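Observations on the model geometry
Residues per chain, in single letters:
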Amino acid sequence: MKFLYCALAVVTLAALTACAPPTTAPASGGDDRTGTLRVWLYDEPNRAPKEKVVGEAIKEFTAAHPDVKVEISYIPTTPARHEKFKGAFNDPPSAPDVAEYGNTDLAEYVAAGGLADLTADLRGVDVNADLMKSASVAGKVYGLPWYIGVRALYYRTDVLAELGLKPPASIGELARTARTIRARKPDLYGIAVGGEYTFGALPFVWAAGGDITSLDSAASRKGVEAYTGLLSDAVCPPQACASLTGGRTVELFAGGKAAMGILGNFNRAAVDAGAAAGRYRVVPLPGFEPGSVAPAFAGGNNLGVLRHARHRTLAVEFVKLLGGRTYQTKMYEAMGNLPTLTAARDELAAKDPFVKPFLDVVAAGTRFVPVHPGWVKIDNTKVIPTMLQKAATGRASVDEATTEAAAAVKTALGGS
């Protein structure tokens, strides 16, 4: 579905363009300054709040560019998006100028030659180095991180208070707390964890000093063992939890079936709509050392410019406007999307205490998946979930499961 917005008035947009570096149109694209700027954005289950904010940005943009129209197409986030993007890369006349894309798709799209290098255009942007990595390949920047999603530990305040427990300050304490809750309240899972919850498990691996590219290392095995150890009858029974996805763990915590859960800032609305509403708090997921924070996966979406864009300068300006402080803040207020710009996050933290634990997670350092086209294969073939499930259900030892997973990762990333 497409929506066409036209210019309504003429105003100055000096604040947007005064410090912008000049852009040079690539030979494969163009730099028209009039006409229709085509933009692809991801669709949402409830699009209306997003559409409202985007509409406000478009009105501001077209007011400053009276000879420009902005055409928005909302595209699905299903796996079919990969083919849609690749089709646009190979057919410039059908391609948009600007596109929202998932940061885990970045390497695949860059390898396909579809995205423009925006390194010079975005130099000095107020995004920390860890987050900028989610928009970078081989030292070049291919998009502006628009929003991020990080996970932290949600816990039931009433349950912990009743049992005289404190929020865990280490992974060891997390396991002990979860076992205590399950033993004294057998109708609850101590913590909802899932065998198909890749981004719930990876912080344990990273906290131990391991990584996706070395799953058979001693450090990675320590993290895998700690996570799969929670998939036990004493915490979250493997017969029920081995098949749980991240979405199902959210449902269990929100529905009052689990005392703790590893959930994202983007899950707030779901929790507030469930039985746990008003009876929970959030702290950073702890690491192995008391008081440390486990690195979280920095998921989220970027705004990029296609290499074949016909309106390169306008495309960069629109990315900077929609991805700027004003509209990142509005997107948080409308959708709960955590801003990537430091100033925008600080502003929100002063207004909304809920944001602080997630900002503490970001400040402690986030991690990302391998920036390689092979990550899509690793993800789609469920290499990590298979590893977790085998270890949790006893179909393989941790050493066996991680050895198998490490081999699959190496193959996907082009190793021999």
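Calculation criteria
Each chain has its residues counted from 1, following the order in which its sequence is written. Residue-level local features of this predicted model are given only where pLDDT is at least 70; pairs of side-chain atoms are given and counted only at 80 or more, and the full residue set underlies all totals for whole chains, interfaces and linings. Remark: hydrogens and water are excluded; side-chain values derive from all non-hydrogen atoms of the structure. Helix and strand definitions here come from DSSP, where helices need a minimum of 4 consecutive H or I residues and strands a minimum of 2 consecutive E residues; each element is numbered from the N-terminal end. The atom set for the radius of gyration is the C-alpha atoms, and the globule formula is 2.2 Å times the number of residues raised to the power 0.38. Burial status follows relative accessibility: with a 1.4 Å probe on protein chains alone, a residue under 20% of its type maximum counts as buried, one over 50% as exposed, and anything between as partly exposed. Throughout, a residue-residue contact means that at least one pair of heavy atoms, one from each residue, lies within 4.5 Å. In this description, accessible areas are obtained by the Shrake-Rupley approach with a 1.4 Å probe, and a residue is regarded as covered only by the protein chains that are shown. We count Lys and Arg on the positive side and Asp and Glu on the negative side, and we leave His and both chain ends out. Charge coordinates come from a single atom per side chain, which is NZ of Lys, CZ of Arg, CG of Asp or CD of Glu. What counts as an axis is a line fitted to C-alpha atoms, over the stretch in contact for a helix, and the angles between N-to-C directions run from 0 to 180 degrees. Geometric relationships in this document are graded by angle, where less than 35 degrees denotes roughly parallel, more than 145 denotes roughly antiparallel, 65 to 115 denotes roughly perpendicular, and other angles denote oblique. Left-handed is the label given to a crossing in which the near helix is rotated counterclockwise from the far helix by less than a right angle, and right-handed is the label when the rotation is clockwise. In this text, buried Ala, Val, Leu, Ile, Met, Phe, Trp, Tyr and Cys residues form a nonpolar core when linked through side-chain atoms within 4.5 Å. Side-chain rings of Phe, Tyr and Trp (the six-membered ring for Trp) are treated as a pair once their centres are within 6.5 Å; stacked means planes under 30 degrees apart, edge-to-face means over 60, and tilted covers the remaining angles. Cation placement over rings: the criterion is NZ of Lys or CZ of Arg within 6 Å of the ring centroid and within 35° of the ring normal. Each residue is assigned to one of three groups, with Ala, Val, Leu, Ile, Met, Phe, Trp, Tyr, Cys and Pro labelled nonpolar, Asp, Glu, Lys and Arg labelled charged, and all others, Gly among them, labelled polar. Salt bridges are defined by distance alone: a side-chain nitrogen of Lys or Arg within 4 Å of a carboxyl oxygen of Asp or Glu. Here a polar contact is taken to be a pair of N or O atoms separated by no more than 3.5 Å, where protein atoms must pair a possible hydrogen donor with a possible acceptor and residues adjacent in sequence count only if both atoms sit in side chains. For this text, the term disulfide refers to a pair of cysteine sulfurs within 2.5 Å.

Scanning the chain from terminus to terminus reveals 19 helices and 14 strands. Expected size for 416 residues packed as a compact globule is a radius of gyration near 22 Å; at 22 Å, the chain falls within 12% of this value. Reported as C-alpha extents along the three principal axes, the dimensions of the chain are approximately 70 × 50 × 35 Å. Buried residues in the chain amount to 56% of all 416 residues. Residue pairs in contact within the chain that sit at least 24 positions apart in sequence constitute 76% of those at least 6 positions apart. Taken as a whole, the chain presents about 16700 Å² of accessible surface, with 53% of it coming from carbon and sulfur. Between the centroid of the 44 positive side chains of the chain and the centroid of its 41 negative side chains there is a distance of 2 Å.

Another aspect to go through is the packing of helix α14 (residues 325-335) against helix α15 (residues 342-351). Direction vectors running N to C along α14 and α15 enclose 40°, while the axes themselves pass 9 Å from each other. Put simply, α14 runs oblique to α15. Crossing geometry of α14 relative to α15 is assigned as right-handed. Residues Arg325, Gln328, Thr329, Tyr332 and Glu333 of α14 lie in contact with α15, whose contacting residues are Ala343, Ala344, Glu347, Leu348 and Lys351.

All right, on to the nonpolar core then. Among the nonpolar cores identified, the biggest contains 61 residues, and Leu37, Leu41, Tyr154, Phe318 and Leu322 are the most heavily contacted of them. Here the element with the most residues in this core is helix α13 (residues 312-322); it accounts for 7 residues. In terms of nonpolar packing, the next biggest core, distinct from the first, is built from 59 residues, Val159, Ala192, Ala406 and Val409 among them.

With respect to the helices and strands, Glu60 occurs in helix α2 (residues 48-64). By relative accessible area, Glu60 is classed as partly exposed at 29%. Each C-alpha atom of the pair Glu60 and Leu322 lies 10.0 Å from the other, and the pair is 262 residues apart in sequence.

Let us now look at the packing of aromatic side chains. One pass over the structure, following the stated rule, counts 16 aromatic pairs. The interplanar angle of 75° and the centroid separation of 5.9 Å between the aromatic rings of Tyr154 and Phe253 together place this pair among those described as edge-to-face. Of this pair, Tyr154 sits in strand β8 (residues 151-156) while Phe253 sits in helix α11 (residues 246-254), placing them 99 residues apart in sequence. Taken as a pair, Tyr154 and Phe253 share a single burial class, namely buried. The structure contains a cluster of three or more aromatic residues connected by ring pairs, namely Trp40, Phe85, Phe89, Tyr101 and Tyr109. One cation-aromatic arrangement involves Lys222 over Phe288; the distance from NZ or CZ to the ring centre is 4.5 Å. Sitting above the plane of the Phe354 ring, Arg268 keeps its charged end 4.2 Å from the centroid.

Moving on, we get to the packing of helix α9 (residues 218-228) against helix α18 (residues 383-393). Relative orientation and spacing of two packed helices are given, respectively, by the angle between their axes and the distance between those axes. It is at 9 Å that the axes of α9 and α18 come closest, and there the two elements cross at 60°. What the angle tells us is that α9 and α18 run oblique. Between α9 and α18 lies a crossing whose hand is right-handed. On α18, the residues that touch Val224, Tyr227 and Thr228 of α9 are Met387, Leu388, Ala391 and Ala392. For the contact of α9 with α18, a count of residues per class yields 6 nonpolar, 1 polar and no charged.

Along the chain, Ser397 falls in the loop between α18 and α19 (398-412). Ser397 sits 162 residues away from Val235 along the chain, and the two C-alpha atoms are 19 Å apart.

Okay, the side chain of Arg182 next. Tracing the chain through its elements places Arg182 in helix α7 (residues 171-184). An unpaired buried charge is present at Arg182: no salt bridge exists, and Asp233, the closest side chain of opposite charge, is 6.4 Å distant. Of the polar contacts made by the side chain of Arg182, one reaches the backbone oxygen of Leu188; its length is 3.0 Å. Every residue in contact with Arg182, bar those within four places of it in the chain, is listed here: Leu188, Tyr189, Gly190, Asp233, Ala234, Val235 and Pro237.

By the definition in use, this model includes 24 salt bridges. Between Glu71 and Arg38 there is a salt bridge, with its nearest N and O atoms 3.5 Å apart. Of this pair, Glu71 sits in strand β3 (residues 68-75) while Arg38 is found in strand β2 (residues 35-42), placing the two residues 33 residues apart along the sequence. Here Glu404 and Lys390 are joined by a salt bridge, their closest N and O atoms 2.9 Å apart. Of the two residues, Glu404 sits in helix α19 while Lys390 sits in helix α18, which places them 14 residues apart along the sequence. On the accessibility criterion, Lys390 (19% relative accessible area) is buried. A cluster of three or more residues bridged by salt bridges with shared partners is formed by Glu44, Lys50 and Glu100.

Along the chain, Asn128 falls in the loop between α4 (106-111) and α5 (129-132). Separated by 214 residues in sequence, Asn128 and Thr342 place their C-alpha atoms 7.4 Å apart. For Asn128, the residues in contact, after removing those within four places along its chain, are Arg345 and Val362. Here the side chain of Asn128 touches Asp130 through a polar contact of 3.2 Å, landing on its backbone nitrogen.

A separate point is the state of the cysteines. With the rule as written, the count across this model stands at 1 disulfide. Between Cys236 and Cys241 runs a disulfide, and the two sulfur atoms are separated by 2.0 Å. Across the S-S bond linking Cys236 and Cys241, the dihedral sits near -85°, which makes this disulfide left-handed. The burial state of Cys236 is the same as that of Cys241; both residues are buried.

The analysis is restricted to geometry; functional conclusions fall outside its scope.
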